[in-house]
Amino acid sequence: MYKNWLLSGQKAFFDVYLVLVFGRIVIFLCDDLMKTIKKGLGIVLYERYAKRVIDLVLGIVILVVFSPVFLILMILIKLDSRGPVFFRQKRVGRDKEYFSILKFRTMRTDAPKDMPTHLLQNPDAFITRVGKFLRKTSLDELPQLLNIIKGDMSFIGPRPALWNQFDLIEERDRYHANEIRPGMSGWAQINGRDELEISVKARLDGEYRKRMSLLFDIRCFVGTFFSVLRQDGVVEGAHPMEEQKG
């Protein structure tokens, strides 16, 4: 009888021990899950609301302030070569929805439309004189302020892929980078830009999505100015079917 009582006590102790162990595991997993949910929720709220308000207000302010520059560049483009002032191109936006990106035209109208710039025998022959300056200073990107105000883009985010850059789009899916608005500049752009391999670029875009916050956006925003001044990672005609550098 004493032996049976001892065995029952050991079994009860073991059952309690198992309950405590599994209980701690469940609590740990739930706590980790809640932290993940809170972090993810914070990113979603920032990207869809706070960041959108910042983009809209800042976009309007910069557009107004730089309106004289817009006007001067538009006149120079028209005087330099025949054709439209703006260049439109089909790009991939948030959740892989298509939109038309805007840029200042930097190439002649007779430039091949469906051929990568780097495959042209003499790409410089198609780039206008004003276009060379715009590319060098990245001023050809200024019209994207209109894309930002409209809501197609953000100031900071993954650069919008061309509709036919299937390898980049697929690679970004692995990091959920296609779920946020593309940007005029981003974490990948200040860490190599056109020189980056697709896998590296997609990984950096995914890293940006995970770290996205006001402070990180400010860091990317400031880094963009230094990157443009140094002309880091610019490779002319690096993207397929693209009229300009990206």
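The model shown is predicted, which means the values in this text are computed figures rather than measured ones.

Peer 1: Describe the overall build of the protein chain, with residues and values.
Peer 2: Counting its regular elements, the protein chain contains seven helices and four strands. Secondary structure elements in the protein chain, listed N-terminal to C-terminal, are α-α-β-β-α-α-β-α-β-α-α. For the protein chain, buried positions account for 41% of its 246 residues. Per element, the accessible surface of the protein chain, about 14600 Å² overall, is 66% carbon and sulfur.

Peer 1: Talk me through a nonpolar patch on the surface; I want residue IDs and the actual numbers.
Peer 2: Residues Val53, Leu56, Val57, Ile60, Val61, Val64, Val65, Phe66 and Val69 make up a contiguous nonpolar surface patch of roughly 730 Å² in combined accessible area. Here the element with the most residues in the nonpolar patch is helix 1 (residues 2-65); it accounts for seven residues. By the element assignment, Val53 lies in helix 1.

Peer 1: Tell me about the packing of helix 2 (residues 67-80) against helix 3 (residues 129-137), and name the residues and values.
Peer 2: For the pair helix 2 and helix 3, interaxial distance at closest approach is 8 Å and the crossing angle is 145°. Taking contact as the criterion, the partners of Leu73, Leu76, Ile77 and Asp80 in helix 2 are, on helix 3, Arg129, Val130 and Leu134. Across the contact of helix 2 with helix 3, the residue classes break down as five nonpolar, no polar and two charged.

Peer 1: Now, about the pattern of salt bridges: what can you tell me, with residues and values included?
Peer 2: Enumeration over the complete set of coordinates arrives at 11 salt bridges. Between Asp80 and Arg129 there is a salt bridge whose closest N-O contact spans 3.1 Å. Separated by 49 residues along the polypeptide, Asp80 in helix 2 and Arg129 in helix 3 bring together distant segments of the chain. Looking at Asp80, the relative accessible area reads 17%, which means it is buried. The exposure class of Arg129 is exposed, given its relative accessible area of 67%. Between Arg159 and Glu141 there is a salt bridge, with the nearest N and O atoms lying 3.4 Å from each other.

Peer 1: Residues and numbers for the environment of Trp187, please.
Peer 2: By the element assignment, Trp187 lies in the loop between strand 4 (183-185) and helix 6 (198-211). With a relative accessible area of 9%, Trp187 lands in the buried category. Taking the C-alpha atoms as reference points, Trp187 and Arg209, 22 residues apart in sequence, are found 9.5 Å from one another. If near-sequence neighbours (up to four positions away) are discounted, Trp187 is found in contact with Leu204, Glu207, Tyr208, Arg211, Phe216, Arg219 and Cys220. A distance of 3.2 Å separates a polar atom in the side chain of Trp187 from a polar atom in the side chain of Glu207.

Peer 1: Quick one: what's the story with the packing of aromatic side chains, residue by residue and with numbers?
Peer 2: Under the counting rule described, the total for this entry stands at seven aromatic pairs. Arranged with centres 6.0 Å apart and planes meeting at 70°, the rings of Phe155 and Phe221 form a pair that is edge-to-face. Remark: Phe221 occurs in helix 7 (residues 214-230) and Phe155 occurs in strand 3 (residues 154-156); sequence separation between them is 66 residues. With relative accessibility at 28%, the residue Phe221 sits in the partly exposed group. Ring centres of Trp163 and Phe166 lie 6.3 Å apart, and the angle between their planes is 80°; on these two criteria the pair is classed as edge-to-face. What makes Trp163 partly exposed here is its relative accessible area of 32%. Residue Phe166 is classed as exposed on the basis of its relative accessible area, which comes to 53%. Here the aromatic cluster, defined as three or more aromatic residues joined through ring pairs, consists of Phe70, Phe86 and Phe104. Cation over ring: Lys90 sits above Tyr98, and NZ or CZ is 4.3 Å from the ring centre.

Peer 1: So what's going on with the side chain of Thr106? Residues and values would help.
Peer 2: Looking at the element boundaries, Thr106 is found in the loop between strand 2 (98-104) and helix 3. Using a relative accessible area of 0% as the deciding quantity, one classes Thr106 as buried. At 3.2 Å, the side chain of Thr106 and the side chain of Arg135 are in polar contact.

Peer 1: Tell me about the confidence of the model for the protein chain, and please be specific about residues and values.
Peer 2: Model confidence for the protein chain is summarised by a mean pLDDT of 80, while 71% of its residues fall at 70 or above. Between residues 26-38, whose pLDDT stays under 50, and residues either more than four places distant or in other chains, the model counts zero contacts. Here residues 238-246 is modelled with pLDDT under 50, and outside its nearest four sequence neighbours on either side it reaches 51 contacts, counting other chains as well.

Scoring rules and cut-offs
Residues numbered from 1 in each chain as written. Predicted model: local features only at pLDDT ≥ 70, side-chain atom pairs only at ≥ 80, totals over all residues. Heavy atoms only, no water. Helix = DSSP H or I, 4+ residues; strand = E, 2+ residues; numbered from the N terminus. Buried < 20%, exposed > 50% of the residue type's maximum accessible area, 1.4 Å probe, protein only. Areas by Shrake-Rupley, 256 points an atom, 1.4 Å probe, with all protein chains shown as cover. Patch = residues over 30% accessible without salt bridge, like charges linked within 9 Å, V, L, I, M, F, W, Y side chains within 5 Å. Salt bridge = Lys/Arg side-chain N within 4 Å of Asp/Glu carboxyl O. Axes fitted to C-alpha atoms, helices over the stretch in contact; angles between N-to-C directions. Contact = heavy atoms within 4.5 Å. Nonpolar A, V, L, I, M, F, W, Y, C, P; charged D, E, K, R; others polar. Polar contact = N/O pair within 3.5 Å; in protein donor to acceptor, adjacent residues only side chain to side chain. Phe/Tyr/Trp six-rings, centres within 6.5 Å; stacked < 30°, edge-to-face > 60°. Lys NZ or Arg CZ within 6 Å of the ring centre and 35° of its normal. pLDDT = per-residue confidence, 0-100.

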